[in-house]
Amino acid sequence: MAPQRAGQPGGASNEPRGHPGCLPSFLSLSSSFFHLKMGETSQAAGPGLPFSRPPPPSPRSSCSLAPTVGKGTPQPGGDITGHLTFPLLSVTLLVSFGSSMLYGYNLAVVNSPAEHIKAFYNTTWSQRYGYGLDPGPLTLLYSLTVSIFALGGLVGSLLVGVLVERYGRNGALSRSALLVLLASGFMGFSQELRSPEMVIIGRSITGLHSGICLSVVPLYLGEIAPKNLRGFLGLMPSIFICLGVFFAQVLGLPELLGEDRLWPLFLSVVAVPASLQLLLLRCFPESPRYLLIERNDVCGATKALCRFLGTPDVQGVIEEMKEEQRLLSSVEMISVWQLLRDRSVRWQTLSVVVVNAGMQLSGIDAIWFYTNTIFQNAGIPVSQIPYTTVGTGAIEVVAGLIGCFTIEKLGRRPLIITGFCAMGICLAGITVSLLLQTSLPWMRYVSVVCVIGIIAGFCMGPAGIPFLMTAELFTQSHRPAAYIMGGSLNWLCNFTIGFIFPFLQMSAGAFCYLVFCSICLLVALYVYLVIPETKNKTFMEISHIFATHRSFLSIPGHLIGMVKLDDYGALESSALEGSVSSLP
């Protein structure tokens, strides 16, 4: 398919538009009673009252670009902020529930029924060929069932650019839900048809879906959210990923779907949230940035903004998008190879590589792999370990909620730096506890505390902020390629850790966790030195910071002492302007 120029008009028949009329009539009243502005109260509501009634819509608000004069009208290039409206919250919850949650669920769903699935494979093989499988080939077949999910995710991440360009963000998510229904059919009927191949095919399709949605969901939410809510809404999918893991742990208990005859239903229950998303997502508009910048549909973008923001005063946002469109009018939607060769965004590209690779190389998958053994060493009875694991899942959810509700106050940098540092310290603590627990029995409980600390630190920041940063660090022409690169690297590192960790553990023993400790601390140091705070900044402002100032490391050492730092150690724009202008 020939590359499309940013801002190139698209045919009317191909425009992926929303369908506002699909929702029940009561949703159209949402902007009048659910107009909450995060972090401050409305003047109209009075002191201490967070709710206010938005101005009544004017006839010209649907497509006209003439500014609506009023006290709260955002000015072009000014402080473009927004409110948490009911449509904005609803679409965030819908795509997080119908897409992101399935990724977490499919990560953990094969752990509980592992023995049942192996027994099914062995029985089917015996019926086909007259003899059972040896332990080695049986383990290999089960490992293929688990790991093919990551391979499917890698393929899905490579398709993101084509899908979001052709179908839009909303359209790509709607169509990807069909993959889940297909996979559920394969896995749900595999036992009846006595076909292990259907389980493996179903797992690969769920991986394909997760590879697409892990990139498209934060891309969609990052483009529809006002800049003052982008962090809050951007971390919502990570909470639902934790919820997906938690639900898989709960449903896998022997009292629920952990029985031998129910494991096909356990694997295929993902069809329920996918069906809900498929039915309701078309009721919400497409990304306004996609409509205006890539499809040149100003009218459609204006309607989508009015719907999401709950106000007709969208002139400032439209002007900001048109400014980005003008800057990108002669720029093609670049490929991954072009992104890697583009020196103007080299620091953004390197930052995406570091945070996405660091998220998987932090050792979180290894910790989940080793959790049961650590709990056994701490003296927890084997019969109680599944319930203890459910408790760790609940901690994941709580930590994700803390990150989500504090990101707009603290910023991206403090959360991700604190998360990686906490993980590094706790990984070192696990190494010490494993080495000393034979001589000091109480060190077993230290290892349990460290596991909880690693999981909490990961879910509070590193679990979701890398996806959010990928959306924030690039403009429209570079963003799809950045998500392809970040998503592919994420899945490759996921597969690599799952493959090499058993060998690393055999060769290094307890010291293997020091490797992950070093990676966590190095990533935290990189974020501290290089990546600026992106809270409450537009995409163009963030791009301008990188384009003008490049990075902290590009300033000569003799000028570092002269540079003023902000609250989190990032270089302030005013200080950098003076420093950069003085460079030889």
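Let us look at the structure shown here.

Definitions and cut-offs
Residues numbered from 1 in each chain as written. Predicted model: local features only at pLDDT ≥ 70, side-chain atom pairs only at ≥ 80, totals over all residues. Heavy atoms only, no water. Axes fitted to C-alpha atoms, helices over the stretch in contact; angles between N-to-C directions. Helix = DSSP H or I, 4+ residues; strand = E, 2+ residues; numbered from the N terminus. Left-handed = near helix turned anticlockwise from the far one by under 90°. Contact = heavy atoms within 4.5 Å. Nonpolar A, V, L, I, M, F, W, Y, C, P; charged D, E, K, R; others polar. Patch = residues over 30% accessible without salt bridge, like charges linked within 9 Å, V, L, I, M, F, W, Y side chains within 5 Å. Areas by Shrake-Rupley, 256 points an atom, 1.4 Å probe, with all protein chains shown as cover. Salt bridge = Lys/Arg side-chain N within 4 Å of Asp/Glu carboxyl O. Buried < 20%, exposed > 50% of the residue type's maximum accessible area, 1.4 Å probe, protein only. Parallel < 35°, antiparallel > 145°, perpendicular 65-115°, else oblique.

## Details of the packing of helix H18 (residues 412–436) against helix H20 (residues 465–472)
The N-to-C vectors of H18 and H20 enclose an angle of 145°; their axes lie 11 Å apart at closest approach. The crossing of H18 and H20 is left-handed. Facing Arg 412, Leu 415 and Ile 416 of H18, the residues of H20 in contact are Ile 465, Pro 466, Leu 468, Met 469 and Glu 472. Per-class residue counts for the contact of H18 with H20 are 6 nonpolar, no polar and 2 charged.

## Observations regarding a nonpolar patch on the surface
The grouping of Val 432, Leu 435, Leu 436, Leu 440, Trp 442, Tyr 445, Phe 511 and Leu 514 at the surface amounts to a nonpolar patch, some 750 Å² of accessible area in total. The element contributing the most residues to the nonpolar patch is H18, with 3 residues. Topologically, Leu 436 is positioned in helix H18. Residue classification places Leu 436 among the partly exposed residues on the basis of a relative accessible area of 35%.

## Focus on the packing of H18 against helix H19 (residues 443–460)
Between H18 and H19, the least distance of the axes is 8 Å, while the angle of their chain directions is 160°. Put simply, H18 runs roughly antiparallel to H19. Regarding H18 and H19, the two cross each other, and that crossing is left-handed. Between H18 and H19, the contacting residues are Leu 415, Thr 418, Gly 419, Met 423, Cys 426, Leu 427, Gly 429, Ile 430, Val 432, Ser 433 and Leu 436 on the first element and Met 443, Val 446, Ser 447, Cys 450, Val 451, Gly 453, Ile 454, Gly 457, Phe 458 and Met 460 on the second. Broken down by class, the residue content of the contact of H18 with H19 amounts to 14 nonpolar, 7 polar and no charged.

## Remarks on the pattern of salt bridges
All chains considered together, the criterion is met by 3 salt bridges. Among the salt bridges present, the one from Glu 223 reaches Arg 169, with a minimum N-O distance of 2.9 Å. Taken as a pair, Glu 223 in helix H6 (residues 196–224) and Arg 169 in helix H5 (residues 160–188) lie far apart in primary sequence, 54 residues in all. The burial state of Glu 223 is the same as that of Arg 169; both residues are buried. Its salt-bridge partner being Arg 169, residue Glu 294 comes within 3.2 Å of it at the nearest N-O pair. Of this pair, Glu 294 sits in helix H11 (residues 288–294) while Arg 169 sits in helix H5, and the two are 125 residues apart along the sequence. Note on accessibility: Glu 294 and Arg 169 belong to one class, buried. In the salt-bridge network here, residues are joined through shared partners; they are Arg 169, Glu 223 and Glu 294.

Such coordinate-based values are descriptive only and should not be taken to indicate function.
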